[in-house]
Amino acid sequence: MDGVAPYVTADGRQIGGVLMDMRGITLRFGGVEAIKNISFDIREGEIRAIIGPNGAGKSSMLNVISGFYHPQDGEVWFRGEKRKPMKPYQVARLGIARTFQNIALFEGMSVLDNIMTGRLTHMKTGLLAQAIWKGRAEAEEVANREIVEKVIDFLEIQAIRKTPVGRLPYGLKKRVELARALAAEPKLLLLDEPMAGMNVEEKEDMSRFILDVNDEFGTTIALIEHDMGVVMDLSDRVVVMDYGRKIGDGTPDEVRNNQEVIDAYLGVAHE
Amino acid sequence: MHAPADGGLVTIPDLLARNVARHGAKPAYREKEFGIWQSWTWAQASEQIDALAMGLLTLGANVGDHVAVSGRNRPALYWAMVAAQRIGCIPVPLYAEAAAEEIAYALDHCGARFAVVGDQEQVDKIADVRDGLTQLDHVIYLDGRGLRKYDHAAMTSYADVQKAGRASGLLDQVNARSAARTYDDTCVMLYTSGTTGRPKGVVLSNRNVIETSKNSSEFDHLRADDEVLAYLPMAWVGDFIFSVGQAMWTGFCVNCPESADTMQLDLREIGPTYFFAPPRVFEQQLTNVMIRMEDAGRVKKWLFHRYMAVGRRVGALLLDGKQVSAGDRLNYMLAKLLVIGPLKNTLGLSRVRVGYTAGEAIGPEIFDFYRALGINLKQLYGQTEATVFITQQPDGEVRSDTVGVPSPGVELRIAENGEVYYRSPGVFVEYYKNPESTASTKDADGWVATGDAGFIEDGTGHLRIIDRAKDVGKMADGRLFAPKYVENKLKFYPNILEAVVFGANRDYCTAFINIDLTAVGNWAERNNIAYSSYQELSQHPRVLDMILGHVSEVNRSVAADPMLAGCQVHRFLVLHKELDADDGEMTRTRKVRRRIVEEKFHDLITALYGGAADIYTETEVTYEDGRKGKITATLAICDAQVAAEQHKVAAE
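Residues numbered from 1 in each chain as written. Chains lettered and ligands numbered in written order. Predicted model: local features only at pLDDT ≥ 70, side-chain atom pairs only at ≥ 80, totals over all residues.

The name that an unreviewed UniProt entry assigns to chain B is Long chain acyl-CoA synthetase, with the source organism given as Yoonia vestfoldensis SKA53.

A.B. asks: Hey, could you run me through the domain arrangement of chain A in this one?
C.D. replies: By a frequent convention, interface size equals the accessible area lost on bringing the separate parts together. All names here are of chain A. The domain architecture assigned to chain A consists of domain 1 (1-95 + 186-271) and domain 2 (107-183). Here the C-alpha centre of domain 2 lies 27 Å away from the C-alpha centre of domain 1. Counting residues at the interface gives eleven residues for domain 1, matched by eight residues for domain 2. Elements represented by at least two residues in the side of domain 1 that touches domain 2 include exactly helix H2 (88-93) and helix H7 (200-217). Looking at the side of domain 1 that touches domain 2 element by element, the count peaks at four residues for H7. (Domains from an automatic or database assignment. Contact = placed C-beta atoms within 7 Å. Helix = DSSP H or I, 4+ residues; strand = E, 2+ residues; numbered from the N terminus.)

A.B. asks: Would you mind showing me how to read the sheet that holds strand S12 (residues 245-250) of chain A here?
C.D. replies: Pairing between the strands of a sheet is mediated by backbone hydrogen bonds and can be parallel or antiparallel. Residues and elements named next belong to chain A. Spatially, S8-S9-S10-S5-S11-S12 is the arrangement adopted by the six strands of the open sheet, whose pairing is mixed. A single partner strand is all that each edge strand has here, and the edge strands are strand S8 (96-99) and S12. Within the sheet, the average angular offset between the axes of one strand and its neighbour, ignoring direction, is 15°. Where strand S5 (residues 47-51) and strand S11 (residues 237-242) come together, four bridges link them in parallel fashion. Of the residues in S11, the one forming a bridge with Ile51 is Val240. (Pairing = 2+ DSSP bridges. Axes fitted to C-alpha atoms, helices over the stretch in contact; angles between N-to-C directions.)

A.B. asks: Looking at this structure, I do not really get H7 of chain A. What am I missing?
C.D. replies: Helical geometry note: an α-helix holds 3.6 residues per turn, so side chains three or four residues apart project in the same direction. Residues and elements named next belong to chain A. Look at H7: 26 Å from first C-alpha to last across 18 residues, which is about the 26 Å you get at 1.5 Å a residue. For H7, the set of buried residues is Met206, Ile210 and Val213. Relative to the axis of H7, the buried residues are bounded by an arc of 60° and lie together on one face. Within H7, the exposed residues directed more than 90 degrees away from the buried face are Val200, Glu201 and Arg208. Among the structural elements, helix H6 (170-183), strand S9 (188-192), strand S10 (220-224) and helix H8 (228-234) are those in contact with the buried residues of H7. (Expected span 1.5 Å × (residues − 1). Buried ≥ 20, exposed ≤ 12 C-beta atoms within 10 Å, placed from the backbone. Arc of directions from axis to C-beta.)

A.B. asks: Sorry, what's going on with the sheet that holds strand S1 (residues 27-33) of chain B here?
C.D. replies: All names here are of chain B. The four strands lie next to each other as S2-S1-S11-S10, forming an open sheet whose pairing is mixed. Of all the strands in the sheet, just strand S2 (36-41) and strand S10 (227-229) have a single pairing partner and so form its edges. When strand polarity is set aside, the average angle formed by the axes of neighbouring strands in this sheet is 20°. Pairing analysis gives six bridges linking S1 to S2, with the strands arranged antiparallel. When the bridges of S2 are listed, Glu33 appears paired with Ile36. Packed onto the sheet, helix H2 (residues 42-58) meets S1 and S2 and runs at close to 80° relative to S2.

A.B. asks: Where do I start with the environment of Ala581 of chain B in this structure?
C.D. replies: Residues and elements named next belong to chain B. Mapping Ala581 onto the fold places it in the loop between strand S26 (569-574) and helix H20 (594-600). Overall, Ala581 belongs to the buried group, with 20 C-beta atoms counted inside 10 Å. Contact partners of Ala581, with chain neighbours within four places excluded, come to Met586, Thr587, Arg588 and Arg590.

A.B. asks: Would you mind going over the domain arrangement of chain B with me for this structure?
C.D. replies: Residue and element names in this part refer to chain B. Considered domain by domain, chain B is made up of domain 1 (12-183 + 225-273), domain 2 (277-375) and domain 3 (473-639). Once you take the C-alpha centre of each, domain 2 and domain 3 turn out to be 29 Å apart. Each side of the interface is counted separately: domain 2 has ten residues, and domain 3 has twelve residues. Elements supplying a minimum of two residues to the side of domain 2 that touches domain 3: helix H11 (279-295) and helix H14 (364-372). Examining the composition of the side of domain 2 that touches domain 3, we find that four residues originate from one element, H11, more than from any other. Counted by class, the side of domain 2 that touches domain 3 contains four nonpolar, three polar and three charged residues. (Nonpolar A, V, L, I, M, F, W, Y, C, P; charged D, E, K, R; others polar.)

A.B. asks: Is there a simple way to think about the confidence of the model for chain B in this case?
C.D. replies: Atom-level detail of predicted coordinates should not be read off regions where pLDDT is low. Residues and elements named next belong to chain B. Considering every residue of chain B, the mean pLDDT works out to 90; 97% of them sit at 70 or more. Ranking the elements of chain B by mean pLDDT puts strand S22 (residues 473-474) last with 82 and helix H3 (residues 75-86) first with 98. Note on residues 645-652: pLDDT is under 50 here. Beyond four places in sequence and across chains, it has ten contacts. Across the interface, the model reports ipTM at 0.78; the global pTM reads 0.82. (pLDDT = per-residue confidence, 0-100.)

A.B. asks: Please clarify how helix H10 (residues 263-270) of chain B should be interpreted in this entry.
C.D. replies: All names here are of chain B. Buried within H10 are the following residues: Asp266, Leu267 and Ile270. Projected down its long axis, H10 carries its buried residues within an arc of 105°, all on one side. Buried residues in H10 make contact with S1, S10 and strand S11 (253-256). Within two residues after H10, Gly271 carries a phi angle of roughly 55°, on the positive side.

A.B. asks: What exactly am I supposed to notice about the interface of chain B and chain A here?
C.D. replies: With eleven residues of chain B at the interface, the matching set in chain A holds 13 residues. Looking at the side of chain B that touches chain A residue by residue, the class counts come to two nonpolar, four polar and five charged.

A.B. asks: Looking at this structure, I do not really get the pairing of strand S6 (residues 73-78) of chain A. What am I missing?
C.D. replies: In the case of a regular strand, side chains alternate between the two sheet surfaces. All names here are of chain A. Judged from the five bridges that link them, strand S3 (residues 18-29) and S6 form a sheet pairing that is antiparallel. Among the inter-strand pairings, Met20 is bridged to a residue of S6, identified as Phe78. As paired elements, S6 and strand S7 (residues 81-82) share two bridges and run antiparallel to each other. By the bridge assignment for S7, Trp77 is matched with Lys82. The turn linking S6 back onto S7 is made up of two residues, and Arg79 within it adopts a positive phi angle of 50°.

So this is what it looks like as structure tokens:
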């Protein structure tokens, strides 16, 4: 499965070299081993899914990628460089953005303002300059607003631009979160259960947006998802975790036919 | 026959050229995009149109080719229609939300060689049916999102076509084609939504469109500095006349919303001076206002009710220039300051000088509400075959129960059976490839049957429409049955979205009701009524009780009219799904297709006329993407209170 040469998928997307390489990651909380010696890579331009039953360690893995957890063992390589332990904001500056399983937006702020916060890491003028609001600070705000407006257009949320997030239904909040992550123009987008709690129609919409993001901006996407149908449809390659171990890795078809994966999901009959 | 309306200007492109010369630097089109209103002057719009026209030539467009246009209202799509006209092609705007088969039918029927479409959704719909369309050469799309992977052999982006056009230097050829067009050439072809049967392609000539635009613009004194919001389907004749015909004739500015969902916000930002909306939009606005007032504080509520009452009493009188006492004038000024002004601003109607509603009869209460706000809301009566205008209300003679006097140049005649006929410069040329229908609709002298029953009121000369001629019937005991009359009364209640009344050749009337999810959902929330679906809410005992109250009230009001007292609703049920155009139950302009509803729900109708207290039913539904599903429900059948002595109602 691991030919590193760039290739073109059946539907015409360009998959490049390795963007992020996780090597022998082990993460412990006290005596509990949440992740046991897992290695896998994420290639440029692909949609990579991490799946597994409850408690398999998927979210922990995502938190390792985003720099929130620091693994006790193993190395994280990003764009050909070994990453030193860093703070989440430093990871964000490297071009990694994420959404959360439990929505983490500013409820009292408008959709527009929430998405503008996604541009924070790209703002260079200081607090004072922004307060005076002339010259460079103003130009910077305009440029950032333009990018945010493109994201708003892309995700079709023009009608709620000025609405406080707290007044939005769940499905739309999820979309606003995606918008905020996209506004950061990430190289790698991490989605933590983007479809959780959605109805069929909302799931279809979200799937389309994920595919479009990948297609239009060439953004590499790593996602955690419970809904197997969605995962198998969306992703190029899937990592399967169970009790902190990696039990499968490959294309959706390969994973679907992997006996260990089937056992983990459906359970094994006792002899 | 008349000479061309304005010295030698015989086509829409001629009018465009005149507007460029007259006010080339004035905004002609605006569209909100990326949160900002982008605008194009007449000169810029003309350049865009020429570029596309030349681009179409490079793709091999011939004189007389049909060019389908489909998508939400966007300047570029309006330009596409004019660009087609520039090179002697015939624009055919289609309903953007039509299902693939409907689009296939139209494309096949007119033999469109080109389709200019908005986005991926439209491209997909055409792709679905493209195999059957041998004549379709090329699809031109505006928004390329999601289309990169598509086969581009017969598909190009709008910008690329324009680029090829600009590079081609074919402007002389475009101009030569334009110059060869005559007043009697086809201007546009529009498919009627068709409450019955297949849609028909109505062919309108330049004469139809330009004469009508001229007459109607003069009737309402439209000016070059007017502003309109183009948000109604482009395939609808009204939008073509308002956003193309009249806009080109008077040179006013056409504003396109950012998306369908932002219409209300964009309306507020633009503040149109000339506004058109079907009754549905006004109903929706009023429902929203009422819901928000329900949630408002006591002071605000009191202010609202007190000053709306003043508005109701005085507003319409002032609009018509009638005598009003000084005290009332003062009161109305206060009302304007405290309630009406801010409310109009919220609704985006502050600047409306001329407002029209048409398409369906509007409830008198809704109509009066807007008049009370001091909005010059008038009714007009028209149809595609008349290039919109048959009758309209002059300023100062506005009433909710008539549709006005004949528009300039229109003659009216009422046939013996009550059906309304008209003859005018706007009368359509023909139904495309359908001489039988043309002959049965339009006689040799140019009189056209409207299909509506009505009469001209003595004294005022205003036309009153009762109902569709074919829907007006007799009940079993010979009394008059006019379903629309009752349905409109029911639909005034914010909780009722749609109603369908039955009763032709029956002993008594019955009805299907659709609840309005916005209004009823809000009510349920305030009353702590839990529900998990539309279906569950629709059958909730308290919802049924509420609807029962509405129906009984309507019965009392119907009973007051001796001619129509037979139309009281004896039994009704609340439907478990909204009537929907995707399921064929409504037209794309959201008129109920009575026959189809009758056929589809015949089991429910049987139950209404039987004695049962409830009925189990299965209904096929079509999802937005065209897939089908099935929903099942047990519907309660309710007996309404009937005013005065009537037939005995089956016991529960």
